[in-house]
Amino acid sequence: MLAGRTGHDNVVIRGARILDPVESFDAIHDVRIDDGVIAQIGERLDTNAHVVVEGAGGVLVPAFVDPHVHLRTPGREDEETIASGTAAAAAGGYCAILAIPNTDPVVDDAEVLRGLRARAADEAHVPVGFMAALTKGQDGAELTELGALSDAGAAGFTDDGRPVGEAGVMRRALQYNAITGRTIAVHCEERSLTRGGHAHAGVVAAELGIGGWPSLGESLMVARDVDLAGDTGQAIHLMHLSARESVEHLRRAHSAGVRASAEATPHHLCLTDEAIRSLDPNLKMNPPLRSEHDRAALLDAVRDGTIAAIATDHAPHSPEEKDVPFESAPFGVIGLETAFAALYTELVEPGLLRLETLLERMSAGPAAIFGLDRPRIAVGAPANLTLLDLESTWRVRADGFRSRSSNSWLLGRRLTGRVLLTIAAGRVAHQ
Ligand SMILES: [Zn+2]
Ligand SMILES: [Zn+2]
């Protein structure tokens, strides 16, 4: 399902605190990687002429998996390419990402998909899974050939960027997808309620005189889609949840035994609509930043595992597109290079979220939803590791990104937590 470069490295990481919450592993040791595979974990390991990384003071964790990245390729290579987007992912501590198919052309046939996978085999710094569209041209009418796309290596299916407007189409997609075993991911938006909306329909938007995008515009679609998943007996993944009501629908679905999973983004977990009083276009996203009640509900759901994945929804935009008045700006922000540090600074350091929980939701959680191998620190496992420095701080700068775009909500902010090293599928991807 994942495509990337081949080749493996020989590395010894010395004296780091190894923290793998799923394996219940927390101890200071050396790790030796032979030919891309974790060969030994222990004291004073023989370095065998391998590359040696001094890990003392650092924390070595299972590398992250981002199930929601817009690589803008093909079509907008000025905003991101497979090479730049995966370099950004590696710098953010990710060993695997899933790319969203709302490109130009849309990834809705096997030819386009095969072309992307071939390019990733040449260019990608970390392995990429390419998702394919659920409907042709993402126009919400005619289903793509799910079986053929899955055979050609599609990592899942989504019309993200757009909702699937008709319930009947969504139901048929779930039924047909039973043959592929891939995950369907949905952007939940009822367009008849969100048209003309630029910010959460609440006090802040009203005071600023900006068109509102109400919570119901999301939660109504969440309710529909979990009901359809329940009716068909198929699994569904809800992308970028933002509203308290959506979390409530998801909890009800779980208690009814529906196979529904969900993700939340760093921006929805860290910010509320109060932030948009600055009218910074880098705070405009779809779905919009919501109220403190909503943020608290999302955080609760991440804590207890109702929301099992954190996804960046990394959405690069050129300065020409984004440096315009708030209401004219497109939705979306980048996030790969800042996700861990933003969440560590805003949630872990103040004691709102345990580090172990954050690590799990950024790695094992998303991997399980999309059927990817769980990054783990254990002898015999492929090396998918990230070495973190949780002491040092850094300032987010527009000229500091590997991404081709710099539309970050964190510009100028000082964050705690740096990624020192990323090893993805046995290759050193970032150091
Ligand atoms: Zn979306
Ligand atoms: Zn998206």
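In the block above lies the structure referred to throughout.
Below you will find a few notes about this structure. Residues take numbers from 1 onward in each chain, read along the sequence in its written order. Labels are handed out in written order, letters beginning with A for the chains and numbers beginning with 1 for the ligands. The predicted origin of the model limits local features to residues at a pLDDT of at least 70 and limits the giving and counting of side-chain atom pairs to 80 or more, whereas totals for whole chains, interfaces and linings rest on all residues. With hydrogens and water set aside, each side-chain value is computed from the structure's full complement of heavy atoms.

**Section: the coordination of the zinc ion (ligand 1)**
Inference 1: Within the protein, Asp160 (OD), His187 (ND1) and His240 (NE2) serve as the donor atoms for the zinc ion (ligand 1), at 2.0 to 2.1 Å.
Inference 2: A donor here means any N, O or S atom no more than 2.8 Å from the metal (3.2 Å for Na, K and Ca); water is not included, so a site may seem to lack partners. Expressed as a motif, the donor residue spacing for the zinc ion (ligand 1) is D-x26-H-x52-H.
Inference 3: The zinc ion (ligand 2) is placed at 3.6 Å from the zinc ion (ligand 1), the two being bridged by Asp160. Here His240 lies in the loop between strand S14 (236-238) and helix H8 (244-255) and His187 lies in the loop between strand S11 (184-186) and helix H5 (191-194), a separation of 53 residues in the sequence.
Inference 4: Residue His187 is classed as buried on the basis of its relative accessible area of 5%. Working definition: helices are DSSP H or I runs of at least four residues, strands are E runs of at least two. Numbering for both runs from the N terminus. Buried, partly exposed and exposed residues are distinguished by accessible area as a fraction of the type maximum, computed with a 1.4 Å probe on protein chains only: under 20%, between the cut-offs, and over 50%, respectively.

**A look at the coordination of the zinc ion (ligand 2)**
Inference 1: In the first shell of the zinc ion (ligand 2), the protein supplies His68 (NE2), His70 (NE2), Asp160 (OD) and Asp313 (OD), at 2.1 to 2.3 Å from the metal.
Inference 2: One can describe the donor arrangement at the zinc ion (ligand 2) as irregular, given that its four donor atoms subtend angles of 81 to 166 degrees at the metal.
Inference 3: Each donor residue of the zinc ion (ligand 2) lies on one chain, and together they are spaced H-x1-H-x89-D-x152-D. Each label reflects the angles at the metal, where four donors whose angles all fall between 85 and 135 degrees are tetrahedral, four or six donors whose opposite pairs open beyond 155 degrees and whose other angles stay between 65 and 115 are square planar or octahedral respectively, and the rest are irregular.

**Some words on the packing of H8 against helix H10 (residues 292-304)**
Any two packed helices are characterised by how steeply their axes cross, that is the angle between the axes, and by the distance between the axes.
Inference 1: The N-to-C vectors of H8 and H10 enclose an angle of 35 degrees; their axes lie 8 Å apart at closest approach. Counting all contacts with H8, which are made through Arg244, Glu245, Val247 and Arg251, the residues of H10 involved are His293, Asp294, Ala297, Leu298, Asp300, Ala301 and Asp304.
Inference 2: Here the contact of H8 with H10 is composed, by residue class, of four nonpolar, one polar and six charged. Fitted lines through C-alpha atoms serve as axes, helices being fitted only where they are in contact, and the angles separating the N-to-C directions of these axes extend from 0 to 180 degrees. Every residue pair with non-hydrogen atoms within 4.5 Å of one another is taken to be in contact. Note on residue classes: Ala, Val, Leu, Ile, Met, Phe, Trp, Tyr, Cys and Pro are nonpolar, Asp, Glu, Lys and Arg are charged, and everything else, Gly too, is polar.

**Observations regarding the nonpolar core**
Inference 1: What makes a nonpolar core is a set of buried Ala, Val, Leu, Ile, Met, Phe, Trp, Tyr and Cys residues whose side-chain atoms join them at distances within 4.5 Å. In this structure, Phe130, Met170, Leu238, Ile307, Phe340 and Met362 are the most contacted members of the largest nonpolar core, which totals 115 residues.
Inference 2: It is helix H12 (residues 339-348) that contributes the most residues to this core, eight residues altogether.
Inference 3: Among all residues touching Phe130, those that are not within four sequence positions of it are Met1, Leu71, Ile82, Ala99, Leu113, Leu116, Arg117, Ala120, Gly153, Ala154 and Ala155.
Inference 4: In terms of nonpolar packing, the next biggest core, distinct from the first, is built from 15 residues, Ile18, Val31, Ile377 and Ile423 among them.

**Some thoughts on the pattern of salt bridges**
Inference 1: Salt bridges are defined by distance alone: a side-chain nitrogen of Lys or Arg within 4 Å of a carboxyl oxygen of Asp or Glu. According to the stated counting rule, one finds 24 salt bridges in the structure shown.
Inference 2: Linking Glu207 and Arg277 is a salt bridge whose minimum nitrogen-to-oxygen distance equals 2.9 Å. In this pair, Glu207 sits in helix H6 (residues 203-208) while Arg277 sits in the loop between helix H9 (266-270) and H10, placing the two residues 70 residues apart along the sequence.
Inference 3: Take Arg277: its relative accessible area is 35%, and that puts it in the partly exposed class.
Inference 4: A single network of salt bridges, built from pairs that share partners, joins Arg72, Arg76, Asp78, Glu79 and Glu321.

**Brief notes about the sheet that holds strand S16 (residues 309-310)**
Inference 1: Reading across from one edge, S10-S11-S14-S15-S16 is the order of the five strands in this open sheet, with parallel pairing throughout. Two strands close off the open sheet at either side, each with one partner strand: strand S10 (157-158) and S16.
Inference 2: With three bridges joining them, S14 and strand S15 (residues 260-264) adopt parallel strand pairing. Each bridged residue has a counterpart across the sheet, and for Leu238 the counterpart in S15 is Ala262. For two strands to pair, DSSP has to find at least two bridges joining them.

**Regarding the sheet that holds strand S7 (residues 64-69)**
Inference 1: Strands sit in the order S1-S9-S8-S7 across an open sheet of four strands; the sheet is mixed. Only two strands of the sheet have a single partner each, and these edge strands are strand S1 (2-3) and S7.
Inference 2: In the sheet, S1 pairs with strand S9 (residues 128-130) via two bridges, with the strands oriented antiparallel. Looking at the pairing, Ala3 lines up with Val128 of S9.

**Brief notes about a nonpolar patch on the surface**
Inference 1: Only residues whose relative accessible area exceeds 30% and that form no salt bridge enter a patch; like-charged residues are grouped when within 9 Å of one another, and nonpolar side chains (Val, Leu, Ile, Met, Phe, Trp, Tyr) when within 5 Å. Here, Shrake-Rupley sampling with a 1.4 Å probe gives the accessible areas, and only protein chains in the shown set may cover a residue. A surface patch of nonpolar side chains, about 240 Å² in accessible area, is lined by Leu193, Leu216 and Leu220.
Inference 2: Mapped onto the elements of the fold, Leu216 is located in helix H7 (residues 216-232).

**Regarding unusual backbone geometry**
Inference 1: In the segment running from Asp104 into Pro105, the intervening peptide bond is cis, with an omega of 5 degrees.
Inference 2: Relative to the helices and strands, Pro105 resides in the loop between strand S8 (94-99) and helix H2 (110-123).
Inference 3: Backbone torsion omega between Asn286 and Pro287 reads -5 degrees, so that peptide bond is classified as cis.
Inference 4: Tracing the backbone through its elements, the reader meets Pro287 in the loop between H9 and H10.
Inference 5: Residues other than glycine seldom take positive phi values, yet Asp313 does so here, at roughly 50 degrees.
Inference 6: Its location among the elements puts Asp313 in the loop between S16 and helix H11 (319-322).
Inference 7: Its relative accessible area of 10% is what places Asp313 among the buried residues.

**Focus on the pairing of strand S4 (residues 37-42)**
Inference 1: Pairing between strand S3 (residues 25-34) and S4: five bridges, direction antiparallel. What sits directly across from Ile33, in S4, is Ile38.
Inference 2: Between S3 and S4, which pair antiparallel and follow one another directly, the connecting turn spans two residues, one of which, Asp35, has a positive phi of 55 degrees.

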